[in-house]
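Inside the fold
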Amino acid sequence: MANFINFNGQVVPSDAKLLTTGNRSFRYGDGLFESMRLVKGQLKFADMHADRLQRGMKALKMDGYSQMDSWFLKEKAEQLAVHNKAKHARMRLTVYREAEGLYAPTQNAPGYCLEMTPIDEPRYFLNPKGLIVDIFTEVPKPLNYLSNIKTCNALPYVMAAIFKTQNNLDEVLLLNQNGFLCEAGSANVFVLYQNHLYTPALSEGCVEGVMRNVVIGLAKQADIPLTEAQINPEILYEADEVFVTNASRGIQCVMGYGIKRYFNRVSKVLVDELNKL
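Let us look at the structure shown here. Keep in mind the model is a prediction, meaning the values are calculated, not measured. (Residues numbered from 1 in each chain as written. Predicted model: local features only at pLDDT ≥ 70, side-chain atom pairs only at ≥ 80, totals over all residues. Heavy atoms only, no water.)

**Let's talk about helix 6 (residues 265-274)**
Taken residue by residue, helix 6 has Val266, Ser267, Leu270, Val271 and Leu274 as its buried positions. Down the axis of helix 6, the sector holding all buried residues measures 135 degrees, keeping them to one side. On its buried side, helix 6 packs onto strand 10 (188-193), strand 11 (196-200), helix 5 (210-221), strand 13 (241-246) and strand 14 (250-257). (Buried < 20%, exposed > 50% of the residue type's maximum accessible area, 1.4 Å probe, protein only. Helix = DSSP H or I, 4+ residues; strand = E, 2+ residues; numbered from the N terminus. Arc of directions from axis to C-beta. Contact = heavy atoms within 4.5 Å.)

Structural data, given as structure tokens:
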């Protein structure tokens, strides 16, 4: 954990006691968050993060979403980087409803906390050892307009992560309520089958990942056929390549699912293109 965080505009030590038991993100998971990456002192894809954050706040009926634009994100991130003497970092911005009340809040004003974890990586790296994955079936992800938002209600991902740990896996894949492929435990998922790239459509309940959108754009630029689709998990037995994406780590290739083994040709190409942005 970094030495300093930004809590509602105040830079304070990361171990400061800041939340009360009345905080709505603690009590109800009433909030959302952005996972971001700082590279060479610059916040990557700030416009896309701001756009997603604002749409998420609007969907959760929070006030003040227009103020959390790309300028706000870049200024706060770069200010905190100076305090933490960090050029490269993973960052998390949590935005919660700053209100009292039971389920019904007394107001809809936002509060926020920006955290930073310095790292030594000046670019995105493809993982040298591919991930071993399995499917987590115990808590299917529901389909509704909240499914695409990174909300603070993360119990399905917590249960998936416990399953991952108990089974010595590197990552898990989640299904939606209809039994189709949704996403990974902390990332979006892409599947290469017969030289065509597939990723679950937003209508399948996956989080609308910033890196997902970046990779979709990179694939189109590289003339790699790509379809956002409903994906039967059985395709994993026939696929040539599987990889997962998120804003913190970029692209991570999957090596195995059960006895199935995958290549990582396309993911290598996409990481190279990603580092040119």
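**Looking at the pattern of salt bridges**
Under the counting rule described, the total for this entry stands at eleven salt bridges. One salt bridge in this structure joins Asp51 and Arg55, with 3.0 Å as the shortest N-O distance. Highlighted residues: Asp51 and Arg55, both in helix 2 (residues 46-59), separated by four residues, approximately one helical turn. Take Asp51: its relative accessible area is 39%, and that puts it in the partly exposed class. The residue Lys276 makes a salt bridge to Glu273 at a minimum N-O spacing of 3.0 Å. Connected via shared salt-bridge partners are Arg24, Asp30 and Arg97. (Salt bridge = Lys/Arg side-chain N within 4 Å of Asp/Glu carboxyl O.)

**Describing unusual backbone geometry**
Positive phi, close to 55 degrees, is recorded for Lys40, a residue that is not glycine. A positive phi angle, close to 60 degrees, is found at Lys61, a residue other than glycine. If you trace the backbone, Lys61 turns up in the loop between helix 2 and helix 3 (70-83). Exposure remark for Lys61: the relative accessible area of 61% places this residue in the exposed category.

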